[in-house]
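# Structural description and commentary
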Amino acid sequence: MEDNTTVAVEESAAVDSMAAEAALPQKKKRKPINQQKLQDNLWGWAFCVPLIVGTVLFIYIALVMALLLSFTTYNSLILGPGDSIWTFLGDMFAGKDVYSDSVGNTDPLRWYKYVFQWEEYSTGTTTSPYPMNVTGMLLFNTVFYAIGIPIGMVLAMFFAVCMSRDIKGGNVFRVVYYLPCVASTVSIVYTFTNMFGTDGVINRLLGANIPWFREEVSQPWLTLTDGGDPFWGHGLLQKSLIIIMSVWKGLGGTIILYIAGLSGVNASTKEAAQIDGANGWRIFWKITMPDLYPVIFYNIVTAVIGGMQIYAEPELFFPTASTTGSYPNFLTSGYVSLIWFWGVTSRARIDTNYYDPGIPGNAAYQSLGAAYGMVLAVIILVLTLFQFWLDRKNND
Amino acid sequence: MENMQSVQVDIAEEEIKVSSFRYGLNAVLAFFGFSTKTHRASKKRAKLVGDIVTYIVLLFGAFLMIYPFWWMIAASFAQTGGQEGNNALSGLDWWPTPSAFGYDDAVGGFFRNYVVLFDRGFSGGIFDPSFSYWRAVANNLFYSIVPVVVGVITSAMAAFSFAKINWIGRNAVFMFLLAAIMVPGPSIMTTQYAMYQSFGFLNNWAVMVVPGLFGAIMTAFFIRQFLFGLPTSIIEAAKIDGAGYGRIFVGFILPLAMPAIVAQGLLSFMGCWNNYMGSYIFITGSSVWVNLPHAMTIMNSGTTFASDQGPILAAAVMCVLPVIILFAIFQKMIIGSLMLTGSKE
């Protein structure tokens, strides 16, 4: 608590001193208007202070702390009475040992090694242990869900072009298509859960008997048989269900952005092409699409960033067992589930031969969660930079 | 043989004349508004046919968008409480048929699922003994009104400063803040958890309210975009008349930027109302401070409603309904604000 206030005080002090510094040189140079400049600088800073404090404290400081914590053994049982994360970090900076555990491991990179290791996991039903990489499997799920991005983009483009025709009631369609975006994910998931049941309305309409939900999903690793392919062999229907829902729910927002982009397409170029005898299809590809390119690029970048952080939908459709189980659902959970799984909820001792942090009883490993988070941040950063790199080539 | 040859000749001389089949097809195409080499369709006909096709496509899409909502409402009236259990939902296409078995607990008649939800939906299991449905609604209102109103005003303050006040380091600070949206939320989730723990925010209202009070970067960004469109001369005039920046903000900027502020506020309200993840991560299920979506997941995870999904769907309807109504009222403003985002990019 005290540390919090000191941070806040430091913040405001820094801001004040910076404002004063910023105002000072002006004072010397131009005497007649220095009052106005001083006012501008003081008020400019003053209006921003809440946003700056909030962003710095809850995002930047949290980010730096996450990076620092990911090298330590910080967990929910490590703090003594009256201690907090701040005293722990103070110990870290004071040079105290925050890296070693009761079983003698002092490797600061232990969590990063843990994230990328392969495990011999015994499924219980098979005789030999099953080698798997948990991070890889959940990353595979996350990337699999990204299939929904191009599907959603093409559908949204199609509907946006339809809606931007000069028809009556276009606005009504816009509102209707945007409805799923404002609805609560939890409500929608529970509705879809019942609609997609084995004898639910969707299967009846399709005249099929598709097992969208399987019994084994609550304990998916039990279905992994020796030699079976854990990536493509299992859970594809379950993943498809989540893709269907995300595409359905996200369509409206993309459509609105495309409509806005389409209304900005140069109308005179279009008309000129029409007079020159180009048909609608050619006009779309040669004139509309290049003009729309910035909107499409923005959509792809935000969709990829958002898609890598998918968490709630898979966890709501196929909840990870809260008390039993040593991992999130292998076949459906997104990568973010790992952060939540280790970092926030109390888990029994990590079930591996590789690393035993020596913590008795249940603990939430915030440090391990932070390490998973840092890996996610790097993945997203690399993906975003890669897209911007592609974009630069495209612009040249 | 001769016939074949003549067809080949026709194909070779396609530019001049085509086969009779092709000719007829082109006539039909022209009727439906497609111009070909032999027949020119009238522009009016092309537009009419195009409009009809567009309407069919859009209506089909609209049906796909609406149907789950319709189904959710219909299912919330299904008689799942009786011996049939969830089978009442399995047979449901458009509207629930009254069950032959009837309810075990015949409360509320047609509105049985809602009565059950309000009476005992959010009690038992890991819920706090004093928790109730209305407590969840009150929590949700508190979580989505207080931080949104205060947060939008702080964001507008920052936006005003970034758009209309000249101060040294303005652009650098703005870029510094804007870069924060690159930080993925889940990456810093566990540290935020530890941080909130040290502040004493965990498992009470503060975690859902206090961080929102500081405003959001994206909200500030959009209001700033809007403020760029306002003439600076108003502010200059007010300054000459002796108004301070505080006065200008309250007297000019807030009223003038109201459309942007309200639209951003409504969008944040919807985000906060549906904020399942925040409550799920930072508030334990046995606390009285869980919000509505989180309480719904707790209700669903219990055994009481496992074979009686009606009340859960009633809860889903009650969670979606306020947002839908709000959106229906302010749709013009919200969509307009979103369109502005699209055209600015």
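A quick note: this is a predicted structure, and the numbers were derived from the prediction, not measured.

The rules behind each value
Residues numbered from 1 in each chain as written. Chains lettered and ligands numbered in written order. Predicted model: local features only at pLDDT ≥ 70, side-chain atom pairs only at ≥ 80, totals over all residues. Heavy atoms only, no water. Axes fitted to C-alpha atoms, helices over the stretch in contact; angles between N-to-C directions. Helix = DSSP H or I, 4+ residues; strand = E, 2+ residues; numbered from the N terminus. Parallel < 35°, antiparallel > 145°, perpendicular 65-115°, else oblique. Contact = heavy atoms within 4.5 Å. Nonpolar A, V, L, I, M, F, W, Y, C, P; charged D, E, K, R; others polar. Left-handed = near helix turned anticlockwise from the far one by under 90°. Core = buried A, V, L, I, M, F, W, Y, C linked by side-chain atoms within 4.5 Å. Buried < 20%, exposed > 50% of the residue type's maximum accessible area, 1.4 Å probe, protein only. pLDDT = per-residue confidence, 0-100. Buried area = accessible area lost by both parts, 1.4 Å probe. Salt bridge = Lys/Arg side-chain N within 4 Å of Asp/Glu carboxyl O. Polar contact = N/O pair within 3.5 Å; in protein donor to acceptor, adjacent residues only side chain to side chain.

### Quick look at the packing of helix H8 (residues 185–195) of chain A against helix H15 (residues 292–301) of chain B
Where H8 of chain A meets H15 of chain B, the axes come as close as 9 Å, and the angle between the chain directions of the two elements is 30°. Here H15 of chain B runs roughly parallel to H8 of chain A, going by the angle between their axes. In contact with Val186, Ser187 and Tyr190 of chain A of H8 of chain A, H15 of chain B contributes Pro293, Met296, Thr297 and Asn300 of chain B. Of the residues in the contact of H8 of chain A with H15 of chain B, the class split is four nonpolar, three polar and no charged.

### Describing the packing of helix H7 (residues 170–178) of chain B against helix H10 (residues 217–228) of chain B
All names here are of chain B. Look at H7 against H10: their axes get within 10 Å of each other, and the N-to-C directions meet at 135°. Our classification of the angle between H7 and H10 gives oblique. By crossing handedness, the relation of H7 to H10 is classed as left-handed. Between H7 and H10, the contacting residues are Phe174, Leu177 and Leu178 on the first element and Ile217, Phe221 and Arg224 on the second. Among the residues forming the contact of H7 with H10, the class breakdown is five nonpolar, no polar and one charged.

### Describing the nonpolar core
Counting 207 residues, the largest nonpolar core has Tyr177 of chain A together with Phe122 and Phe160 of chain B as its most contacted members. Considering each element in turn, this core owes the most residues, 15 residues, to helix H16 (residues 310–344) of chain B. Apart from residues lying up to four places away in sequence, Phe160 of chain B is in contact with Phe47 of chain A together with Ile165, Leu227, Ile235, Tyr245, Ile248, Phe249 and Ile253 of chain B.

### Some words on helix H8 (residues 189–199) of chain B
Residues and elements named next belong to chain B. Most of H8 is tucked away: 10 of the 11 residues are buried. By the burial criterion, the buried members of H8 are Met189, Thr190, Thr191, Gln192, Tyr193, Ala194, Met195, Tyr196, Ser198 and Phe199. Remark: Gly200 follows H8 within two positions and exhibits a positive phi of approximately 75°.

### Focus: the confidence of the model for chain B
Residue and element names in this part refer to chain B. For chain B, the mean per-residue pLDDT works out to 83, and 89% of the residues sit at or above 70. Per-residue pLDDT, averaged within each element of chain B, yields its smallest value for helix H1 (residues 2–12) (49) and its largest for helix H6 (residues 133–164) (91). Throughout residues 9–14 the model reports pLDDT below 50, and contacts reaching past four residues in sequence, or to other chains, amount to three contacts. Across the assembled chains, the prediction reports ipTM 0.84 with pTM 0.82.

### Description of the interface of chain B and chain A
Counting residues at the interface gives 94 residues for chain B, matched by 93 residues for chain A. Together chain B and chain A conceal approximately 8400 Å² of surface at their shared face, both sides included; 76% is due to carbon and sulfur atoms. The interface formed by chain B and chain A holds one salt bridge in total. As a salt-bridge pair, Arg165 of chain A and Asp51 of chain B come within 3.2 Å of each other at their nearest N and O atoms. Counting every contact that joins chain B to chain A gives 21 residue pairs in polar contact (both at pLDDT 80 or more).

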